[in-house]
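Per-entry structural report
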Amino acid sequence: MRITSVTPYVVRGSLANSDNSDWDYSCLVRIETDTGLLGWGEGASPAPQPGWGAPKILEMINTMSAPTLIGRDPTEPMVIWKELQILSVSTFGPPTWTADEQKASTGAISAIDIALWDINGQAKGQPICKLLSNVIRSRIKVCVDVSFNHSWLTQFSSDSPW
């Protein structure tokens, strides 16, 4: 099985209780294979300025990721994820990254990764949760990213009572 096309779409949705209209947009990606299977994934990122957020994710998928995915085996999502991470860092270089570039790059890679797992689950006749369990480890540590909201630092610091 090989990837034959990668097509991203910017869509507008509605988030309940959201005062931030930047989060109303996300980027869906459709990945098709030569066997007829197709997977869908979603990546989102707030748009701090025009042209960022979902439109930037779409641009990154079209220019950076899609050309490297055509012809690849979609049943290797962890290998592809690692290669996309390396490609992203080698393209932008960590010292020059802005937080916005990091968010858009993460959104693009996330959308592709979800679509690849969707295809993988269909190909194996298994739900994705079954494929992910015990793939690398039996337990997964969970991390909350608080780097974008300083008020969270106090609430979730190691000194907090919870």
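Use the structure listed above.
The present account deals with the structure reproduced in this document. (Residues numbered from 1 in each chain as written. Predicted model: local features only at pLDDT ≥ 70, side-chain atom pairs only at ≥ 80, totals over all residues. Heavy atoms only, no water.)

Describing the overall build of the chain
Helix and strand counts for the chain stand at five helices and three strands. Along the chain, helices and strands appear, N-terminal first, in the series β-β-β-α-α-α-α-α. Going through the 162 residues of the chain one by one, you find that 34% of them count as buried. Here the contacts in the chain between residues at least 6 apart in sequence split such that 61% fall between residues at least 24 apart. Of the roughly 9900 Å² of accessible surface on the chain, 56% is carried by carbon and sulfur atoms. (Helix = DSSP H or I, 4+ residues; strand = E, 2+ residues; numbered from the N terminus. Buried < 20%, exposed > 50% of the residue type's maximum accessible area, 1.4 Å probe, protein only. Contact = heavy atoms within 4.5 Å. Areas by Shrake-Rupley, 256 points an atom, 1.4 Å probe, with all protein chains shown as cover.)

Brief notes about the pairing of strand E3 (residues 38–43)
Along any regular strand the residues' side chains alternate between the sheet's two faces. Of the two faces of E3, only the one carrying Gly-39, Gly-41 and Gly-43 is buried; Leu-38, Trp-40 and Glu-42 on the other face are not. Here six bridges tie strand E2 (residues 25–33) to E3, and the two strands are oriented antiparallel to one another. Note that in E3 the partner of Leu-28 across the bridge is Glu-42. (Pairing = 2+ DSSP bridges.)

Concerning the nonpolar core
Nonpolar side chains tend toward joint burial in soluble globular proteins. In terms of nonpolar packing, the biggest core is built from 22 residues, with Val-6, Val-29, Ile-31, Ile-61 and Ile-112 touching the most fellow members. The biggest single contributor to this core is helix H3 (residues 99–124), with eight residues. Here Val-6 is in contact with Val-29, Arg-30, Ile-31, Ile-61, Ala-66, Leu-69 and Ile-70, once residues within four sequence places are set aside. (Core = buried A, V, L, I, M, F, W, Y, C linked by side-chain atoms within 4.5 Å.)

A closer look at the pattern of salt bridges
Counting across every chain of the model gives three salt bridges. The salt bridge involving Glu-32 is made with Arg-30; its shortest N-O contact spans 3.3 Å. Residues Glu-59 and Lys-56 are paired through a salt bridge, measuring 3.4 Å at the closest nitrogen-oxygen approach. Of this pair, Glu-59 and Lys-56 are both found in helix H1 (residues 54–69), three residues apart, which corresponds to roughly one turn of the helix. By relative accessible area, Glu-59 is classed as partly exposed at 36%. (Salt bridge = Lys/Arg side-chain N within 4 Å of Asp/Glu carboxyl O.)

So, the environment of Leu-38
Take Leu-38: it is sitting in strand E3. Through-space distance from the C-alpha of Leu-38 to that of Ala-115 is 7.9 Å; in sequence the pair is 77 residues apart. Setting aside anything within four residues of it in sequence, one finds Leu-38 in contact with Arg-30, Ile-31, Glu-32, Asp-118, Ile-119 and Gln-122.

Thoughts on the side chain of Ser-26
The residue Ser-26 is located in strand E2 in this model. Separated by 2.9 Å, the side chains of Ser-26 and Glu-42 make a polar contact. Discounting chain neighbours no more than four positions away, the residues touching Ser-26 are Tyr-9, Val-10, Val-11, Glu-42, Gly-43, Ala-44 and Ala-54. (Polar contact = N/O pair within 3.5 Å; in protein donor to acceptor, adjacent residues only side chain to side chain.)

Some thoughts on the sheet that holds strand E1 (residues 3–12)
Strand order in the open sheet formed by three strands is E1-E2-E3, and the pairing between neighbours is antiparallel. Looking along the sheet, the strands with just one partner apiece sit at the ends: E1 and E3. Direction aside, neighbouring strands of the sheet carry axes that sit 20 degrees apart on average. In terms of strand pairing, E1 meets E2 through nine bridges, oriented antiparallel. Bridged to Ile-3 within E2 is Thr-33. In this fold H1 packs onto E1, E2 and E3, with an angle of close to 180 degrees to the strand it touches most, E1. (Axes fitted to C-alpha atoms, helices over the stretch in contact; angles between N-to-C directions.)

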